[in-house]
Amino acid sequence: MTVETKSDDTHIADEPPKAVVEPVEAVDAVVAEKEEDNEEPSSSKPVPAVEKSSSFKEESLLPSDLNEAEKKALSELRLKLEETAEVEKEVSLWGVPLLPSKASPGTDVILLKFLRAREFKVEAALEMLKNTLRWRKESRIDSVLDEEGLGDDLEAAGAAHMSGTDREGHPICYNVYGVFGDAEAYQKTFGTEEKRERFLRWRFQLLERGIRKLNFEPGGVASILQITDLKDAPGPSKKELRVTTKRAVGLLQDNYPEFVARNIFINVPFWYYAFHSILSPFLTQRTKSKLVFARPASVTETLLKYIPAEEIPIQYGGLQRDNDTEFSLDNGKVLELVVKAGSTETIELPMPEVGTTLLWDLTVLGWDVNYKEEFIPTDEGFYTIIVQKGKKMGTQDAPIRNSFRNNEQGKVVLTIENSTFKKKKVLYRYKTKGSA
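By the naming in an unreviewed UniProt entry, the protein chain goes by Patellin-4 and is assigned to Acorus calamus. Its UniProt record gives the protein chain the following Sequence similarities (unreviewed entry) comment, quoted word for word: "Belongs to the patellin family."

If you want it as structure tokens, here you go:
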């Protein structure tokens, strides 16, 4: 005996339909939330590669890709470095010798960062480089990685951490400002000038730690993706945070050129736009062009433009779980399904062998759907088993992970009912584990 499940369309998990991914536009003051297009994409149309923001394009760091004017500027900077007495013969930055005569393959990559930051104006780039060397020496930055306990409490509280890579291989740094919404944590971090200096030094340590993950060989990934979560962050009335942030932005912009591929601000409250307008005059136009803002309702959708779902933490709507031993980048490809407005779709996960365990992850962008899970035996003489009875999934629900062990051949069927007027994107993955 079997219980039938009704749906408009059924998709076998091995051949999922794919949805069209739209680009996110980077802005530097106001985010206009875009309503989803209800037009149904063709299921036969492939998912395009992630599209970059039209406001910023990360240029090549290969000297062979430069135009003639840029090649000339690089050649001039190389020559001036050899002739500059202020630059010590054995000086290096981030482990890369600066003098071209040392014949390091990463030298041009580092020099191009300073040239791009100063629009290929050689004298300005040279001055910036010398100032960076001076600042690093005065601030003892080269030894900051050896300093213990700078931000142990902040990292334990989740204020910042490095995790995963984006679609282009950039290491991802997460900054969570909601930690400072707690009055005690705020005072402990920003209460005095000494504490603020310690906070800045920890930030430099975190960045230097991230830079160690980069590859300064020509063609390597030489920049980081920054994600700043502003959920429950202290408001603009917090002068200490405002002043510290302004100082940090200035130091990072002046001494770490072109180390941020893009800076994505998520869970952005309305008050932040006023704060950003105050900070904006201190940012170069190039820095502004790398900024992306996402209101709470569009966090997952925005992150997916730049980061694969398996690298996005579950708290942001992705499928990445801390210390996950079940799925990895090499084990568990993420599949997509689009559920049209006012329709129902099912996903069938086959279990042809008895005594196996099926494990799956699933999330729906924005949820607001009805969802259930069933095991349907192949033999009609067996009953359908309810794995997860139907329930309404709200916009704040986390991604689902569930499993089922079968005693007969069959399939697990996941049903998503979308009664809204907007299409919904489903992301899922699964694997089968053999019997003991």
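Asks: How should the packing of helix α2 (residues 107–117) against helix α3 (residues 122–138) be read in this particular structure?
Replies: Two quantities define a packed helix pair, namely the angle between the helix axes and the distance between the axes. At a minimum axis distance of 8 Å, the contact between α2 and α3 shows a crossing angle of 115°. Crossing hand, α2 versus α3: right-handed. Within the contact between the two elements, α2 uses Leu111, Phe114, Leu115 and Ala117 and α3 uses Val122, Ala125, Met128, Leu129 and Thr132. Here the contact of α2 with α3 is composed, by residue class, of eight nonpolar, one polar and no charged.

Asks: Sorry if this is basic, but what is going on with α3 here?
Replies: One full turn of an α-helix is made of 3.6 residues, so residues set three or four places apart face in the same direction. Taking 1.5 Å per residue, 17 residues should reach 24 Å; α3 reaches 24 Å between its end C-alpha atoms and fits that length. Residues of α3 that are buried sit in contact with α1 (68–83), β2 (92–93), α2, α6 (193–211) and α7 (239–255). Two residues or fewer after α3 comes Arg140, characterised by a positive phi angle close to 55°.

Asks: For this particular structure, what's the right way to read the pattern of salt bridges?
Replies: Close approach of charged atoms allows side chains of opposite charge to pair. The full count for this structure, using the stated rule, is 23 salt bridges. One salt bridge connects Glu119 with Lys121, and the closest N-O pair in it is separated by 4.0 Å. Each member of the pair, Glu119 together with Lys121, is exposed. In this structure, a network of salt bridges that share partners links the residues Asp324, Asp361, Arg401 and Arg429.

Asks: Explain the packing of aromatic side chains to me, please; I cannot follow it from the model alone.
Replies: Aromatic rings considered in pairs are described by the distance between their centres and by the relative angle of their planes. A full pass over the atoms with the stated rule returns 20 aromatic pairs. Centroid distance Trp94 to Tyr256: 5.9 Å. Interplanar angle 40°. Geometry classified as tilted. Note that Trp94 is positioned in the loop between β2 and β3 (96–97) and Tyr256 in the loop between α7 and β7 (260–266), a separation of 162 residues in sequence. On the basis of relative accessible area, Trp94 is assigned to the buried category, the value being 13%. On the basis of relative accessibility, which here comes to 5%, the residue Tyr256 falls in the buried class. Through successive ring pairs, a cluster of aromatic residues spans Trp94, Trp135, Phe204, Phe216, Tyr256 and Phe259. Over the ring of Phe270 we find Arg295, and its NZ or CZ is 3.7 Å from the ring centre. Its end group placed over the ring of Phe327, Lys431 keeps NZ or CZ at 5.6 Å from the ring centre.

Asks: Could you clarify how one ought to interpret unusual backbone geometry in this entry?
Replies: Negative phi values dominate among residues other than glycine, just as trans dominates among peptide bonds. Phi is positive for Ala103, close to 55°, though the residue is something other than glycine. Assignment of secondary structure puts Ala103 in the loop between β3 and α2. Look at Ala103 and you get exposed, because its relative accessible area is 63%.

Asks: In this structure, what is going on with the sheet that holds strand β16 (residues 424–433)? I would like to understand it.
Replies: The pairing of strands in a sheet happens through backbone hydrogen bonds and is either parallel or antiparallel. Taken in spatial order, the four strands of this open sheet run β9-β16-β11-β14, and their pairing is antiparallel. Edge positions in the sheet fall to β9 (335–339) and β14 (400–405), since each has one partner strand and no second. Each strand axis lies, on average, 25° off the axis of its neighbour in the sheet, ignoring direction. Across five bridges, the pairing between β9 and β16 is antiparallel. Residue pairing across strands places Val338 opposite Lys425, the latter belonging to β16.

Asks: It is not clear to me how the sheet that holds strand β8 (residues 291–294) should be interpreted in this structure. Could you clarify?
Replies: Taken together, five strands build an open sheet; the order of strands is β4-β5-β6-β7-β8 and the sheet is mixed. Lying at the two open borders of the sheet, with one neighbouring strand each, are β4 (160–165) and β8. Direction aside, the axes of adjacent strands within the sheet are offset by 20° on average. In the sheet, β7 pairs with β8 via four bridges, with the strands oriented parallel.

Asks: Would you mind going over the environment of Gly394 with me for this structure?
Replies: With respect to the element layout, Gly394 can be found in the loop between β13 (385–393) and β14. C-alpha of Gly394 to C-alpha of Gly366: the two residues are 28 residues apart in sequence and 7.8 Å apart in space. Sequence-distant contacts of Gly394, defined by excluding residues within four places in its chain, comprise Trp367 and Asp368.

Asks: How do you make sense of the environment of Glu147 when you look at a structure like this?
Replies: Position of Glu147 among the secondary structure elements: in the loop between α3 and α4 (152–156). Residues Glu147 and Trp202, spaced 55 residues apart in sequence, show a C-alpha to C-alpha distance of 9.2 Å. Apart from the residues lying within four places of it in its own chain, the contact partners of Glu147 are Arg140, Arg201 and Gln205. Looking at Glu147, its side chain comes within polar contact range of the side chain of Arg201, at 2.7 Å.

The rules behind the values
- Residues numbered from 1 in each chain as written.
- Predicted model: local features only at pLDDT ≥ 70, side-chain atom pairs only at ≥ 80, totals over all residues.
- Heavy atoms only, no water.
- UniProt positions renumbered as here; feature names shortened; annotations may be inferred.
- Axes fitted to C-alpha atoms, helices over the stretch in contact; angles between N-to-C directions.
- Helix = DSSP H or I, 4+ residues; strand = E, 2+ residues; numbered from the N terminus.
- Left-handed = near helix turned anticlockwise from the far one by under 90°.
- Contact = heavy atoms within 4.5 Å.
- Nonpolar A, V, L, I, M, F, W, Y, C, P; charged D, E, K, R; others polar.
- Expected span 1.5 Å × (residues − 1).
- Salt bridge = Lys/Arg side-chain N within 4 Å of Asp/Glu carboxyl O.
- Buried < 20%, exposed > 50% of the residue type's maximum accessible area, 1.4 Å probe, protein only.
- Phe/Tyr/Trp six-rings, centres within 6.5 Å; stacked < 30°, edge-to-face > 60°.
- Lys NZ or Arg CZ within 6 Å of the ring centre and 35° of its normal.
- Pairing = 2+ DSSP bridges.
- Polar contact = N/O pair within 3.5 Å; in protein donor to acceptor, adjacent residues only side chain to side chain.

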